[in-house]
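Commentary on secondary and tertiary structure
The primary structure of each chain is shown beneath.
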Amino acid sequence: MSSIIKRNLLLEGKTKKIYSTDNPYEVIIHYKDSITALDGLKKDFLQDKGILNNEISTFIFKFINSYGIQTHFIRRINNREQLCHKVDMIPLEFVVRNIIAGSISKRLGVKEGTTPSNTIFEICYKNDKLKDPLINDHHAVFLGLISYEELNIIHRITSNINNILKKFFLDKNIILVDFKIEFGKDSKNQILLSDEISPDTCRFWDKKTSKKLDKDIFRSGLSEKVFNTYLEILKRLNVG
Ligand code: UDP
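This part takes up empty space enclosed by the protein. Applying the stated criterion to the full structure yields one cavity of 30 Å³ or more. Approximately 30 Å³ is the volume attributed to the largest cavity. Forming the walls of the largest cavity are Phe94, Val95, Phe121, Glu122, His155 and Thr158. Here the residues of the lining of the largest cavity sort into three nonpolar, two polar and one charged.

Take glutamate 81: it is sitting in strand β7 (residues 81-85). Its relative accessible area of 8% is what places glutamate 81 among the buried residues. Sequence spacing of glutamate 81 and proline 24 is 57 residues, and the spatial spacing of their C-alpha atoms is 17 Å. For glutamate 81, the residues in contact, after removing those within four places along its chain, are Lys6, Ile28, Ile29, His30, Asn54 and Arg76. Only 2.6 Å separates the side chain of glutamate 81 from the side chain of lysine 6, close enough to count as a polar contact. Side-chain polar atoms of glutamate 81 contact the side chain of asparagine 78, separated by 2.8 Å.

The next point concerns unusual backbone geometry. A negative phi holds for most residues other than glycine; trans holds for most peptide bonds. You will see that aspartate 39, though not glycine, has its phi angle at about 55 degrees, which is positive. Along the chain, aspartate 39 falls in the loop between β4 (34-37) and β5 (42-45). On the accessibility criterion, aspartate 39 (51% relative accessible area) is exposed. Not every positive phi belongs to a glycine, and aspartate 48 is a case in point at roughly 70 degrees. Accessibility expressed as a relative area gives 27% for aspartate 48, which makes it partly exposed.

The subject of this paragraph is the pattern of salt bridges. The tally for this structure, following the rule as stated, stands at 23 salt bridges. Ionic pairing is found between aspartate 171 and lysine 167, a salt bridge with its closest N-O pair at 3.5 Å. You can see aspartate 171 and its partner lysine 167 sitting in helix α4 (residues 148-171), four residues apart, about one turn around the helix. When sorted by exposure, aspartate 171 lands in the same class as lysine 167, which is exposed. As a salt-bridge pair, arginine 203 and aspartate 216 come within 2.7 Å of each other at their nearest N and O atoms. Remark: aspartate 216 occurs in helix α5 (residues 216-219) and arginine 203 occurs in strand β14 (residues 202-206); sequence separation between them is 13 residues. By relative accessible area, which is 11% here, arginine 203 ends up buried. Through salt bridges with shared partners, a single network forms among Arg97, Arg107, Glu122, Asp178, Arg203, Asp216 and Arg219.

Once that is clear, we can look at the site of the ligand. Close to the ligand lie 14 residues, the nearest being Arg97, Ser103, Asp178, Arg203 and Arg219. Threonine 201 is positioned such that a nitrogen or oxygen atom in its backbone is 3.4 Å from an oxygen atom of the ligand. In this structure, arginine 203 approaches the ligand through a side-chain N or O atom, which is 2.5 Å from an oxygen atom. For the ligand, the accessible surface in isolation is 500 Å², of which the surrounding protein chains cover 76%. Breaking the shell around the ligand down by element, the ones donating at least two residues are β9 (92-97), β12 (174-185) and β14.

Counting 47 residues, the largest nonpolar core has Leu92, Phe94, Ile161, Leu165, Phe183 and Ile197 as the members making the most contacts within it. By size, the runner-up hydrophobic cluster in this structure holds five residues, among which are Val27, Ile29, Tyr31 and Cys84.

A word on the sheet that holds β7. Across a sheet, strands are paired by hydrogen bonds formed along the backbone, either parallel or antiparallel in direction. Pairing is antiparallel across the open sheet formed by five strands, whose spatial order is β1-β2-β3-β7-β6. On the outer flanks of this sheet lie β1 (9-12) and β6 (73-78), each paired with one strand and no other. Put simply, the sheet's adjacent strands are angled 25 degrees from each other on average, direction ignored. Where β1 and strand β2 (residues 16-20) come together, three bridges link them in antiparallel fashion.

Reading the values: rules and limits
- Residues numbered from 1 in each chain as written.
- Predicted model: local features only at pLDDT ≥ 70, side-chain atom pairs only at ≥ 80, totals over all residues.
- Heavy atoms only, no water.
- 1 Å grid on protein atoms, 1.4 Å probe; cavity = no way out; pocket = protein on both sides within 12 Å on 5 of 7 lines; lining within 4 Å.
- Points joined across faces, edges and corners; volume = space filled by probe spheres on them.
- Nonpolar A, V, L, I, M, F, W, Y, C, P; charged D, E, K, R; others polar.
- Helix = DSSP H or I, 4+ residues; strand = E, 2+ residues; numbered from the N terminus.
- Buried < 20%, exposed > 50% of the residue type's maximum accessible area, 1.4 Å probe, protein only.
- Contact = heavy atoms within 4.5 Å.
- Polar contact = N/O pair within 3.5 Å; in protein donor to acceptor, adjacent residues only side chain to side chain.
- Salt bridge = Lys/Arg side-chain N within 4 Å of Asp/Glu carboxyl O.
- Near = heavy atom within 4 Å.
- Areas by Shrake-Rupley, 256 points an atom, 1.4 Å probe, with all protein chains shown as cover.
- Core = buried A, V, L, I, M, F, W, Y, C linked by side-chain atoms within 4.5 Å.
- Pairing = 2+ DSSP bridges.
- Axes fitted to C-alpha atoms, helices over the stretch in contact; angles between N-to-C directions.

Written out as C-alpha cells, the structure is:
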C-alpha cells in the first residue's frame, strides 16, 4: 500500500486534527490526546487516549460498514490516524437514547437509568456560540442546514446504526445507553457517517454492574481512570 503524505492542517477541533493529502477527495484524521466536556469548559490532556479512540472508532466504523452503511472511513494509517473521504460536515448532532442519562434527565426531570418504551432521537445544532441547542427537523431545514429528504435518509441510517450497535455491544455485556453521530456529504453529495464513535461520544454501561465505561468518568472528575476505562472497551470489542 502506498504511503500517504500529510499536507496542510485544514481544521483543528477539540479532539481531532484534519489534514489534506495529495488526493483532493481524501483527508487524514489525527486523534489527539485531549478530552473535553461541558461545551469545552472542562478540558484535560490524557496521554495516549487518542490512540485508544482511533482504534475503537476504526473498529466500530468497519463494523457498521460491514452492514452496507456508507461512512467516511477508508482505513487506519497508524496508531493515531485514519484516512477518510473528505466530506462537508452537516453541522448537526444526531443523538439516540435507549436509556435516560445525561442532559435529558435534567431537561425532562426523568431519573437516570429509566428505560423509555420508545427510542428517543434528538438533533442538536452544532454552534459553539449558541451552545449546541436542541432543535427539531423543521428548525434544521429552516436554518438551511439540511433538506427533509436528507433528514429522512439520516433518520433511517441512525435507527439502523442503533439497532446494529445495541445488539453488538450487548453481546459484549455492554449496554449502549446513548450516543451521538454526525454526517457529512462527499464530492458526489452522498451522505456518509463521519466523525467518530467512541467512549467520548457514547454512554456505555456494564450490563452486570451498571458501571460507567465512557466519558462520564471524566465528566465526574475521575481523569485518572479514563485511560483504563477506554482500554476496557477496546478489549471487549476485540474479544470474541
Ligand atoms: N455527546 C457528544 N458530543 C456532544 C454532546 C453529546 O458526543 O457535544 C454524546 C454524549 O457523550 C452522550 C450523548 O451524546 O453519549 C447524549 O449526550 P447528552 O445530551 O446527555 O449530553 P451531555 O451529557 O454530553 O451534556
